[in-house]
Each structure stands twice: as structure tokens, then as C-alpha cells.
Amino acid sequence: MDKQTRLAFIGGTGFEELPDFFESSRCDMETPFGAPSSAVVHGKLFGVQVAFISRHGEGHTIPPHKINYRANIWALRATGVSNIVGFAAVGGIDADMVSGCVVIPDQLIDYTWGREHTYFDGEFYKGSGLSHSLDHVEFARPYNHALRQQLIDASSKAQIDIFNSAVYGVTQGPRLETAAEINKMEKDGVNIVGMTALPEVSLARELGISYATIAMVVNEAAGRGEGEITMDAIRDNLITATSSVSKILKYFVRIYSEGQTPTIAPNLG
Ligand code: HPA
């Protein structure tokens, strides 16, 4: 498999399908952890071969705490993917990260609980190809620098102003946060809040896959805006943000296919 076909996108809210994507095949897979959220779809995005999977399922039916993150990442890795860009709809905690804007986070804080969050849980998966049954992956910088930089460069080529660093706090959901929880997260240094980056990003690291998130702010975090967070407002802001992201992707796939993204040493044979 050439380097171009090693890129996958994980769709989230607002990105259940990839705009401008021409599908060529789809693969319903089974993994040692069960079925992924959707088929792994292959095709071309602006002429570049990519794979795509929909995190919440194609009808957006799977809530954040029920997503089979292990199966999703495993299925992509089994397809040969070594670089993932994940989409995320998030709330803005930082006063500057207003609805409609795009953020490429560089850090994560985990507020989730009870999720199947590792491939190294003591029960070694026979025939899995993982090199160790116990592995403490390095995770000081959770996102891949080169992939992030390519997204940042693409944003500037597309003339879209983005935030090129942020701490993404990952909550359990599916409920939104209380205002007090958001205040606490702000004290922790969190800039944006969402429900799906973990364990997705750390599982990718466990399998040696480079990962970057492109986050779209769709609401002001709980207690920050005027009035309640409504799904109607979220949908409107998603339209603004997804149009910016589509423009960024056009440049990103070009930059990606021209460059060589270093991957972390794979664990999987
Ligand atoms: N909190 C958590 N997840 C989210 C939010 C939020 O405010 N908006 C979109 N996803």
C-alpha cells in the first residue's frame, strides 16, 4: 500500500460523511473487539486516496460513551492506515474560541470513565500481532506534530483563521457539562470540550498510528453563553465550521500527499 492510501478520516458530528469524497469501495469488518461503528469506506478526496469511518455510525446513532473505539481504530489499522485525522464538534471554553471557529488541539485531558480505553488490558489478544501484552505508551504529546503542522499549513493556504494550539478536555457525555464543571476545566487549562477524542487518540498511539484532530467549535461551553445550548444553534454553527474545514481539507490532502508524514514505530506486524 502506498503512502497516500495510509490516510484515514474519522467522521464525527457534522461529518458523518466526507464532503467531496468519491467512494470506490466499502468494507464491513469484524475485529477482535467486535464490529466498528460503520463500514470502512475507501475512495478519493480531491484526487487523493483515503479511507473514512463514521464514529457515531452512518445514521449518527451511537453516543460517545457507546462507541467501540477499539474496533474503529483496529479496523483502520488492519486496512493499512498509519495516519488519522479525526473530526470533532466541541464547545468553546476559551473566550476567543467562539462558535464557528476551527481549532487544531495539541493537548488532551481525560475526564471520561468506564470506557474500554486500551488494547493492553492484561488479556492478550492471541494472533493480534501486538508485540507486547503490557505496554505503557509514551503520550506526553498526544498528537502527531507533522500531521498537525500539515493541517495548520493547509488552513493558512485556504486563508482560514484557526487556533493552532489548544487543550481539549474530553468528557463522558452524553449529557453536556454543568457550568461548575466547565469552570473547573478552565482552571485545569482546558480550552475546548468534547466527548470523543479519548480513548480514540491514545488507542491510535498504542497501534503506532499518527493522529491529529480538527475541532469545530459549535457552541459556547455550559454557562458561558447567553441562555441554553440548543441543538438548533449547534447545527447552525456546524454549517459554518464544516464549510471552513472542507476548504482546509482541499489543501491538506495535497500537502499530505506531497509530504512524508513520519509515523510512530508500529506495534503491529
Ligand atoms: N461539551 C461537550 N461536548 C460537546 C460540546 C460541549 O459543550 N459541544 C459539542 N460537543
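See the structure printed just above.
This text gives an overview of the structure that appears in the document. (Residues numbered from 1 in each chain as written. Predicted model: local features only at pLDDT ≥ 70, side-chain atom pairs only at ≥ 80, totals over all residues. Heavy atoms only, no water.)

### Some remarks on the site of the ligand
Every residue lining the ligand is accounted for by A89, V90, G91, L176, E177, V193, G194, M195, V218 and N219. Measuring from a nitrogen atom of the ligand, one finds a backbone N or O atom of A89 at 3.2 Å. Within the side chain of E177, one N or O atom sits 2.8 Å away from a nitrogen atom of the ligand. Taken together, the elements giving at least two residues each to the shell around the ligand come down to β5 (83-92), β10 (192-194) and β11 (210-220). For the shell around the ligand, the element with the most residues is β5, which contributes three residues. (Near = heavy atom within 4 Å. Polar contact = N/O pair within 3.5 Å; in protein donor to acceptor, adjacent residues only side chain to side chain. Helix = DSSP H or I, 4+ residues; strand = E, 2+ residues; numbered from the N terminus.)

### A closer look at the pairing of strand β1 (residues 7-11)
Within a regular strand, side chains alternate between the sheet's two faces. Of all five residues in β1, five are buried, a share of seventy percent or more. Side chains L7, F9 and G11 project from β1 onto one buried face, and the interleaved A8 and I10 project onto a second face that is buried too. Alignment of β1 against β5, held across four bridges, turns out to be parallel. Bridged to L7 within β5 is N83. In this sheet, strand β4 (residues 48-54) lies alongside β1 in parallel orientation, the contact comprising four bridges. Counterpart to I10 in the pairing with β4 is I53. (Buried < 20%, exposed > 50% of the residue type's maximum accessible area, 1.4 Å probe, protein only. Pairing = 2+ DSSP bridges.)

### Section: the pattern of salt bridges
Under the criterion given, the structure shown has seven salt bridges. With a closest N to O distance of 3.1 Å, E186 and R224 form a salt bridge. Placement of E186 in helix α3 (residues 179-188) and of R224 in the loop between β11 and α5 (231-258) is noted, with a sequence separation of 38 residues between them. Residue class for E186 comes out partly exposed when judged on its relative accessible area of 39%. By relative accessible area, which is 27% here, R224 ends up partly exposed. Through salt bridges with shared partners, a single ionic network connects E23, R26 and E58. (Salt bridge = Lys/Arg side-chain N within 4 Å of Asp/Glu carboxyl O.)

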